[in-house]
Amino acid sequence: MLLTLGVGSSNADKQREIRTQGLIGPEGALIGSITSGGAEFSYHTDFTSVEGARNNFSADGNDNLWATWWYFRVNGDTQEYKFPAPDNAIYSGNVATLTWNDVGGLGLFSAGLVHNLNDPVANSATLVNTMTLTDLSGNSNDIEIFHYIDFDLADFNNDEALLTQANNYISLVDNVTPNLVNVGELRAGGNVSFIVRAYSDDPNIRGLLNDTLVDDLDNTGLPFGPGDFTGAFQWSISLAANGYSSVESTFAIGATAAPIPNDPYEYDPDLIYQNGFE
Ligand SMILES: [Ca+2]
Ligand SMILES: [Ca+2]
Ligand SMILES: [Ca+2]
Ligand SMILES: [Ca+2]
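Predicted, not measured: the structure shown is a model, and the values here were computed from it.

**With respect to the sheet that holds strand E1 (residues 32-36)**
Across a sheet, paired strands are connected by hydrogen bonds in the backbone, their directions being either parallel or antiparallel.
(1) Moving on: Strands sit in the order E1-E2-E3-E4 across an open sheet of four strands; the sheet is antiparallel. With partners counted over all chains shown, the strands left at the sheet margins are E1 and strand E4 (62-63), one partner each.
(2) Moving on: Bridge count between E1 and strand E2 (residues 39-43): five bridges; the pairing is antiparallel. When the sheet's bridge partners are listed, Gly 32 is paired in E2 with Tyr 43.

**A word on the sheet that holds strand E11 (residues 141-151)**
(1) Moving on: Ordered by their spatial adjacency, five strands build an open sheet running E6-E5-E11-E17-E15, and the pairing between neighbours is antiparallel. The outermost strands of the open sheet, each flanked by one partner alone, are strand E6 (81-82) and strand E15 (193-198).
(2) Moving on: Pairing of E15 with strand E17 (residues 229-239) involves six bridges; the strand directions are antiparallel. Its bridge partner lying in E17, Phe 194 is registered against Phe 233.

**A short note on the environment of Tyr 81**
(1) Moving on: Tracing the backbone through its elements, the reader meets Tyr 81 in strand E6.
(2) Moving on: Classification of Tyr 81 as partly exposed rests on a count of 16 C-beta atoms within 10 Å.
(3) Moving on: Through-space distance from the C-alpha of Tyr 81 to that of Asn 210 is 6.6 Å; in sequence the pair is 129 residues apart.
(4) Moving on: Contacts of Tyr 81, omitting those with residues within four sequence positions, involve Tyr 71, Phe 72, Arg 73 and Gly 104.

**Digging into the pairing of E11**
(1) Moving on: Counting buried residues in E11 gives nine out of eleven residues, a clear majority hidden from the surface.
(2) Moving on: Relative to E11, strand E5 (residues 65-74) runs antiparallel, the two sharing nine bridges. In the strand pairing of E11, Leu 65 is matched with Phe 151.
(3) Moving on: Two elements, E11 and E17, share nine bridges in a ladder whose sense is antiparallel. Of the residues in E17, the one forming a bridge with Phe 146 is Gln 234.

Cut-offs applied
Residues numbered from 1 in each chain as written. Chains lettered and ligands numbered in written order. Predicted model: local features only at pLDDT ≥ 70, side-chain atom pairs only at ≥ 80, totals over all residues. Pairing = 2+ DSSP bridges. Helix = DSSP H or I, 4+ residues; strand = E, 2+ residues; numbered from the N terminus. Buried ≥ 20, exposed ≤ 12 C-beta atoms within 10 Å, placed from the backbone. Contact = placed C-beta atoms within 7 Å.

Pasting the structure below:
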């Protein structure tokens, strides 16, 4: 028989994994952590899990993040694809930078993901996530980018979420197991849509992003809970020939708001040329 682990896994599976997680894995050189005051963000296992990564995002020792990772769909792809393990990762001070030389080996685009961590006040942490894609193909490409986020406030159960602003700003709280960091926020700049589902839903967001079908996020799932929250944002970008494009999301936990994320930035060298010579 075939064992299908992960995509349909239950909260019981998550509990077992929580007991065994640590700084482990064959991609050990690529995992690491950054800190700012009492805030920490880390990749703490290899990049082969169904979500793609496992993380901590903590304020004064309270970790509220199970996983966050990225997926893409380019041109006429018939499904979404998970970003593989990065080719390089640098953890320095409060900034982590992951890079891919050629995402998926497609010859279409390279990528750089920068995480900027801050600790603005006690019992809080913020994280700015900026993903930049750079064309390798010499042609323009239409790319859908997906950012998957599994917050677990205090523990993985009892999280409630609301749409604070359509369709780019989500607020979370755990009213059952409160501590000083039992709230969170997720924001996206210039995204086209979001989705929220429970971790154990069938299909869940991991299933949608890993299956062999095209899925676009449909602005459903809020208000949510109480339950095991998972969410994702989607952007549509046109990556110019020899250009680059970036998208940004932000997180907060505890006694602070998520920073306002930048809207997508698109650099097209041909437009610069035309502007200069017309
Ligand atoms: Ca964690
Ligand atoms: Ca919780
Ligand atoms: Ca899919
Ligand atoms: Ca969760």
